[in-house]
Amino acid sequence: QVQLVESGGGLVQPGGSLRLSCAASGSFFSINAMGWYRQAPGKQRELVATITSGDSTNYADSVKGRFTISRDNAKNTVYLQMNSLKPEDAAVYYCYCYCQAGVGRVWRPYWGPGTQVTVST
């Protein structure tokens, strides 16, 4: 099993910043990639950013230049620094890990419960 615990969500003004964190724990053996998706009410869940075990990054066009994803391998933690936030960035943000875990050491994605980001005022 892999558990993902997210933190750092909250309410910010347009133009403000937030830093999300996601820590992975449990009986996993290897991490291929970690990242973030988001889902706004009435909309599909969309990719925000990913980072691989080799520190290759990928971003949605809508957040390029504003968001930065990074990781701390020693802590099994991924971060998302969000700057210049816009109202359209408001969503529930979900952490994921593509991990090898369990007694069969199966590769599969694992998802966090989500953390709310609100951009208002």
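Before going into details, it helps to say that this report is about the structure given with it. Only a predicted model underlies this, so the values are computations on that prediction, with no experimental measurement involved. (Residues numbered from 1 in each chain as written. Predicted model: local features only at pLDDT ≥ 70, side-chain atom pairs only at ≥ 80, totals over all residues. Heavy atoms only, no water.)

Looking at the sheet that holds strand β7 (residues 67–72)
A sheet is described by the order of its strands in space; here four strands give the open sequence β1-β3-β8-β7, paired in antiparallel fashion. Every other strand in the sheet has two partners, leaving β1 (2–7) and β7 as the edge strands with one partner each. Pairs of neighbouring strands in the sheet enclose a mean axial angle of 15°, with direction left out of account. Summarising the sheet, β1 and strand β3 (residues 18–26) pair through six bridges and their orientation is antiparallel. Bridged to Leu-4 within β3 is Ala-24. (Pairing = 2+ DSSP bridges. Helix = DSSP H or I, 4+ residues; strand = E, 2+ residues; numbered from the N terminus. Axes fitted to C-alpha atoms, helices over the stretch in contact; angles between N-to-C directions.)

Description of the packing of aromatic side chains
Within a pair of aromatic rings, the relevant descriptors are the distance that separates the centres and the angle that separates the planes. Scanning the model with the defined rule gives four aromatic pairs in all. Ring geometry for Tyr-37 and Trp-111: centres 5.2 Å apart, planes at 65°, overall edge-to-face. Of this pair, Tyr-37 sits in strand β4 (residues 28–39) while Trp-111 is found in strand β10 (residues 106–111), placing the two residues 74 residues apart along the sequence. For Tyr-37, a relative accessible area of 24% translates into the label partly exposed. Residue Trp-111 is classed as partly exposed on the basis of its relative accessible area of 39%. Between Tyr-96 and Trp-111, the aromatic rings sit 5.7 Å apart at their centres with planes inclined by 45°, giving tilted as the arrangement. Linking Tyr-96 in strand β9 (residues 91–101) with Trp-111 in strand β10, this pair joins segments that are 15 residues apart in sequence. Three or more aromatic residues joined by ring pairs form one cluster here, namely Tyr-37, Tyr-96 and Trp-111. Above the face of the Tyr-79 ring, Arg-19 is positioned so that its terminal group lies 4.5 Å from the ring centre. (Phe/Tyr/Trp six-rings, centres within 6.5 Å; stacked < 30°, edge-to-face > 60°. Buried < 20%, exposed > 50% of the residue type's maximum accessible area, 1.4 Å probe, protein only. Lys NZ or Arg CZ within 6 Å of the ring centre and 35° of its normal.)

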